[in-house]
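# An overview of the molecular structure
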Amino acid sequence: MNVYTTYGKFQNEMNDHYARTGLKLQFTEMMARMQEKGLMDSVPTRMHIPEDAMLISDEDFDKVVDTIPITFSMQNGMNSEVVEERMIPKFYDVFTIRHPRFTRHFSHTHNYFELNFVVKGEAVFYFEEEAHTMHAGEINIIAPGSKHDFLINDASSIVYTICIRRSTFDSVFSSTMSHQDLLSGFFRQILRNDNHSNYLMLFTGNNMECRILLRKLLIESSNKDEYSNGCCISIINLLFCNMLRNYSKTMAFYNYEIGSDFSLVLQYIQHNYRTLTLSSLAEFFHYSEPHLCTLIKQNTGENFTDLIKKLRLKDAINYLINTDLKINEIAEQIGYNSADHFSRVFRQTYKCSPAEYRKNNKNESPFIPFSTEQEEEA
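Model, not experiment: these values are computed from the prediction.

What counts, and where the lines are drawn
Residues numbered from 1 in each chain as written. Predicted model: local features only at pLDDT ≥ 70, side-chain atom pairs only at ≥ 80, totals over all residues. Heavy atoms only, no water. Disulfide = S-S within 2.5 Å. Buried < 20%, exposed > 50% of the residue type's maximum accessible area, 1.4 Å probe, protein only. Phe/Tyr/Trp six-rings, centres within 6.5 Å; stacked < 30°, edge-to-face > 60°. Helix = DSSP H or I, 4+ residues; strand = E, 2+ residues; numbered from the N terminus. Salt bridge = Lys/Arg side-chain N within 4 Å of Asp/Glu carboxyl O. Pairing = 2+ DSSP bridges. Axes fitted to C-alpha atoms, helices over the stretch in contact; angles between N-to-C directions. Contact = heavy atoms within 4.5 Å. pLDDT = per-residue confidence, 0-100. Parallel < 35°, antiparallel > 145°, perpendicular 65-115°, else oblique.

### A closer look at the state of the cysteines
This structure, assessed with the given rule, holds zero disulfides. In this structure Cys231 is a free cysteine whose sulfur lies 7.0 Å from that of Cys232, the closest cysteine sulfur available. A residue is classified by how much of its surface remains accessible, and Cys231, at 30% relative accessible area, is partly exposed.

This is the structure in structure tokens:
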């Protein structure tokens, strides 16, 4: 049986309970308590979204969110393994909520991707029981199967949580995640292997475009009409494209099995690939070369040589399409000793010369057309 309340009524009860007792409750515990006290509704209230909802301040939009209805099934209970059927409504691929404040610490795992965006204030992110404080503009993306929790310990911080079915990444977002950068690589590797606890962190500076997309996601998740899911999928694609374009260099990646932030190595590779060798990379980070090769393969799905080649060719495509640099100048820019060497590698990958590629694609979008067969071989 479903019962209903609103974000505002629920949060007021959480705030009051914490103020009176000093104790925190989980979401399901508070919902059951509200049901016992007769505070739940039998039908959802009608939310009111003002026409200027995308333009108002975060604080004013938070008041709009207070009017959005929440649906709760009284059959739900506490479980450290949360499945997507419990969090994501039927027929939805993407579902967005405002994260509740003053919840009790309860580490859990789930079989879907979770994205948390701190819009205002701060929150504490627990990953494998290690606490990390996140601030406004920071985003974390948690891989399925990772033990974690997320707590807001004050009444004014604002966090939006996006739940995305794993299957959605494997189908709907396959084109968005085909690029050869670190954020795309994170998702591809997670989809191939879910035996590791991983998360990824980005630092956006809390730009307005991201916040508008988050607001749209929250509203569409509450509309529940025949267009809502399609809108949510389109909006999350826009959000990921925005992050890929603007913030991939701010990424911090954590692989729990390794026990360190390997993103420092990946970022160093991405910024220095033109002159980088495996021996110089191993020396810089104090790894043995065989161990470093294993870590790179584990975290990117590529060996060192192929990773360097793809980074070079990614920039080569950009130079060919968006500049008038000569072929030998492009070769020098991306780290090849000669135009002939660059042309041979380019032809092996794209089945045409750099000059032919430029002629056929000049002024078009710099998309890197690696085939499915090449992806599997990598």
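### Regarding the packing of aromatic side chains
The final tally for this structure, using the stated rule, is 13 aromatic pairs. Seen from their ring centres, Phe10 and Phe27 are 5.1 Å apart, and the 50° between their planes marks the pair as tilted. Of this pair, Phe10 sits in helix H1 (residues 7-21) while Phe27 sits in helix H2 (residues 27-36), placing them 17 residues apart in sequence. With a centroid separation of 5.8 Å and an interplanar angle of 70°, the aromatic rings of Phe342 and Phe346 are classed as edge-to-face. Here Phe346 and Phe342 lie together in helix H14 (residues 339-350), a separation of four residues that amounts to about one turn. We note that Phe342, like Phe346, is buried.

### Considering the pattern of salt bridges
Scanning the model with the defined rule gives 13 salt bridges in all. Between Arg211 and Asp58 there is a salt bridge, and its shortest N-O distance comes to 3.2 Å. In this pair, Arg211 sits in helix H7 (residues 208-223) while Asp58 sits in helix H3 (residues 58-65), placing the two residues 153 residues apart along the sequence. Its relative accessible area of 14% is what places Asp58 among the buried residues.

### A word on the sheet that holds strand S8 (residues 130-135)
Strand order in the open sheet made by the three strands is S8-S7-S10, with antiparallel pairing throughout. Looking at strand neighbours, the two that pair on one side only are S8 and strand S10 (148-151), the edges of this open sheet. On average, adjacent strands in this sheet sit at an angle of 20° to one another, irrespective of strand direction. The pairing of strand S7 (residues 122-127) with S8 spans six bridges and is classified as antiparallel. In the sheet register, Phe125 faces S8, and the bridge partner there is His132.

### Focus: the environment of Tyr336
Tracing the sequence through the fold places Tyr336 in the loop between helix H13 (327-333) and H14. Taking the C-alpha atoms as reference, Tyr336 lies 7.7 Å from Arg274; in sequence the two are 62 residues apart. Aside from chain neighbours lying at most four places away, what touches Tyr336 is Lys309, Arg312, Ala331, His341, Phe342 and Val345.

### Topic: the confidence of the model for the protein chain
On average, the protein chain scores 85 in pLDDT, and the residues at 70 or more come to 85%. Predicted confidence is poor over residues 365-378, with pLDDT under 50, and the contacts of this stretch with residues over four places away or in other chains come to 30 contacts.

### A closer look at the packing of H1 against H2
Close contact between H1 and H2 brings their axes to 11 Å; oriented N to C, the two are set at 100°. The orientation of H1 with respect to H2, classified from their angle, is roughly perpendicular. Packed against H1, whose contacting residues are Lys9, Phe10, Glu13, Met14, His17 and Arg20, the element H2 presents Phe27, Met30, Met31, Arg33 and Met34 at the interface.

### Quick word on unusual backbone geometry
The phi angle at Phe102 is positive, at roughly 60°, despite the residue not being glycine. The residue Phe102 is located in the loop between strand S4 (94-98) and strand S5 (109-110) in this model. Note on Phe102: relative accessible area 8%, which makes it buried. Of note in the backbone geometry, Lys224 takes a positive phi value of approximately 55° without being a glycine. Its location among the elements puts Lys224 in the loop between H7 and helix H8 (228-247). On the basis of relative accessible area, Lys224 is assigned to the partly exposed category, the value being 47%.

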